[in-house]
Amino acid sequence: MSGKVVLTGGLKFTSLADLFQIIGGNNSNGTLRINSQYTPDPGIIYFLEGNPVNASDGHLRGLDAIYALFGRTEGNFEFIDGKVSVEHAIKKSRMEIVLDALRMIDDGVIKKVEPPSTQEILIGRPDKPEENKKTGPSVIKGPAIDYLYIVDEEDFYDGKTIVKEGTYGKWIWIVLEGKVKIIKETRGGPLSILHLGEGCYIGTFSSLLFHDYERSASVKAVGDVRLGLLDTQRLANEYYTLPIEFRGMLASLDRRLKKITDRAADLALKKAGLSLPGKGLEVVVQSGSKKEDAYAIAEGKAYVIRKTPKGHLPLLELEKEDFFGFLPFMDMGQEPRSASVVAQKDLNVRKLNTAELQAAHSGLSMAFKGMIFNVCTCISYTTKLAFFFSQKKRT
Amino acid sequence: MAIFNAKDRIIECKLVYYGPGRGGKTTNLEYIFKAFNKNTSAEMVSINTMGDRTLFFDFLPIGLGKIRGCEVKIQLYTVPGQTRYRSTRKMVLKGVDGVVFVADSLEVRRKANILSLRDLADNLKDEGKNIFQVPLVLQYNKRDLAEQGIPLLPVEIIDLDLNSKLKAPYFSASALKGQGVGATLKHALLVTLRQLQKELQWTR
């Protein structure tokens, strides 16, 4: 077995049906691995003389596994050249499998593996508390759990404080079972901001840095919770291999989460908080813009604002080294789709190399990608919450 | 666009039978598979899609000779007409080299023919192709049913309905009896390969 990766790419561009025809047309021998951000294990299909002979996807084997893998429309694949010695569990011809699988997708028999929808992420709605009373508060769900990074499991009983705001600690957990709530200590008493469910991370990128890290909010168990302690060292190693620009962006992402959380707390307490400079503001990124650029601030300040029925709501202030704009792997529920960025004339920016950032992102482990995804989801959710508080305040 | 398999020196083209449901696409392919068994691959793949069947097999046009030392293999497909089978249709029409449109001669199916042809044009457009440029042959099927007194549309009317703008070659057929099936296929292969030759500037 030569074991060389001879073909790689993304499923969005080359679908599994296409791959079957390419590998089949070349009568190739080897192993096809399919990785997706949304499932923990890679899917594997073994080919002999261009025909699939066996496969695995999670607990599925053989033909069932292949059919399930056709549901993956996002993710990466790699074909490793070389003869494989596996049991010949599949007797159907490759075109029969392809045509049958596509029919099953159209018939809804094969489930498409996709990112969790907004509906799935937000069980319940922050803007409709009366609905939440019936269904319980909104719980954010995370992406699929990467068990490779979990070094220990810990159980916490209902009401137990896992992390206390203002204390120092560098551990990062992932919620395996149950849910926790994020609480911000305010002058008006503790304010519950978010509920995090399975697959969500407790702790962010700042925990991976050398310097001390102060927890920006408290975390409490809601019901009994099982957490997985993540291998911080391994994540930190991964962090330090990233390009500086990428690391800067992660730090900025952390700051954004902290700022929007503070902002939501201010709005909930009816504190004035952030206000925009009165004059000379220009729109840098228009809400709804389709431009695919991202920038880092070299000098000056910028503001993320959101349009509301009652005028513009300033969400947060961006400073030197913060980034803004469009990044394909980040949906924060703010600019460029749902918010604008405004700044004064003296704003000086540096254009980010989006392609390079994306390349770095696609090389990350599932655990790391999940963490980014989770921070973005929390920002997005907290933004909605801030919006809700602001509307409530003014009525 | 044909696939060139360098390892086996084979040029693979795709010929798709399109048309309204129960119009005779499957019957056409089944007849070809049986009658030209020397030319076909060992097996025919048949997928049951609701109200229709999707068929696939390889066809080796013997006697056509080689193109620059390469064998030509034709992949014959039918495609399920129903809107819901989007993924299948997309895969089948991806890189299609030629199309046979099988129209149903029954009077009651007049509208179904027109809708299906329009659907074909739309689906080809999705694949970045133009129905006026894709090698296309029409087949007016089920002509034999006239003998049983079933009302059929005259060939001239179907041709006016479907082909007045396309001006594609057309054939009358009774796929169930095998009449016109071979002629349709041969002509479809001819126009498909001629187009390929033009596209790739092959000289034989």
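The rules behind each value
Residues numbered from 1 in each chain as written. Chains lettered and ligands numbered in written order. Predicted model: local features only at pLDDT ≥ 70, side-chain atom pairs only at ≥ 80, totals over all residues. Core = buried A, V, L, I, M, F, W, Y, C linked by C-beta atoms within 7 Å. Buried ≥ 20, exposed ≤ 12 C-beta atoms within 10 Å, placed from the backbone. Helix = DSSP H or I, 4+ residues; strand = E, 2+ residues; numbered from the N terminus. Contact = placed C-beta atoms within 7 Å. Pairing = 2+ DSSP bridges. Axes fitted to C-alpha atoms, helices over the stretch in contact; angles between N-to-C directions. Nonpolar A, V, L, I, M, F, W, Y, C, P; charged D, E, K, R; others polar.

Time to look at the nonpolar core. Nonpolar side chains tend toward joint burial in soluble globular proteins. By size, the foremost hydrophobic cluster in this structure holds 79 residues, and its most contacted members are Leu 69 and Val 98 of chain A together with Val 16, Leu 76, Val 99 and Phe 101 of chain B. With seven residues, the top contributor of residues to this core is helix H3 (residues 94-106) of chain A. Setting aside anything within four residues of it in sequence, one finds Leu 69 of chain A in contact with Leu 16, Ile 34, Gly 43, Ile 45, Ala 55 and Asp 57 of chain A. Ala 221, Leu 253, Ala 302 and Phe 387 of chain A belong to the second largest nonpolar core, which has 76 residues in total.

Before going further, it helps to examine the sheet that holds strand E16 (residues 294-299) of chain A. Residues and elements named next belong to chain A. With antiparallel pairing, the three strands of this open sheet are ordered in space as E19-E16-E21. Bordering the open sheet on either side are strand E19 (323-325) and strand E21 (348-351), each of which pairs with just one other strand. Taken pair by pair, the neighbouring strands of this sheet meet at an average axis angle of 40°, ignoring direction. As paired elements, E16 and E21 share four bridges and run antiparallel to each other. Bridging from a neighbouring strand, Tyr 295 pairs with Lys 351 of E21.

Turning to the interface of chain B and chain A, a few remarks are in order. With 16 residues of chain B in contact, the opposing surface of chain A contributes 14 residues. Breaking the side of chain B that touches chain A down by element, the ones donating at least two residues are strand E1 (3-5), strand E3 (45-49), strand E4 (52-59) and helix H2 (86-93) of chain B. A breakdown of the residues in the side of chain B that touches chain A according to their chemical character gives six nonpolar, five polar and five charged.

Residues and elements named next belong to chain A. Read across the sheet, four strands follow the order E15-E20-E17-E18 without closing on themselves; strand pairing throughout is antiparallel. What marks the edges here is a single partner per strand, and that holds for strand E15 (281-285) and strand E18 (311-318). Averaged over all pairs of adjacent strands, the angle between their axes in this sheet comes to 40°, without regard to strand direction. Here four bridges tie strand E17 (residues 302-308) to strand E20 (residues 340-344), and the two strands are oriented antiparallel to one another. Across the sheet, the residue bridging to Ile 305 is Ser 340, located in E20.

Turning to the pairing of E17 of chain A, a few remarks are in order. All names here are of chain A. Within E17, five of the seven residues are buried, which leaves the element mostly enclosed by the surrounding structure. As defined by bridge partners, E17 adjoins E18 across seven bridges and the pair is classed as antiparallel. Bridge assignment links Thr 308 to a residue of E18, and that residue is Gly 311. The turn joining E17 and E18, which pair antiparallel and follow one another in sequence, is formed by two residues.

This next bit is on unusual backbone geometry. Residues and elements named next belong to chain A. For the bond from Glu 335 to Pro 336, the omega torsion is 0°, close enough to zero to count as cis. Residue Asn 27 is not a glycine yet carries a positive backbone phi of 50°. Residue position: Asn 27 is located in the loop between helix H1 (16-25) and strand E2 (30-35). In this structure Asn 27 comes out as partly exposed when scored by C-beta crowding, with 14 C-beta atoms within 10 Å. The backbone phi angle of Glu 321 is positive, close to 80°, even though this residue is not glycine. Along the polypeptide, Glu 321 turns up in the loop between E18 and E19.

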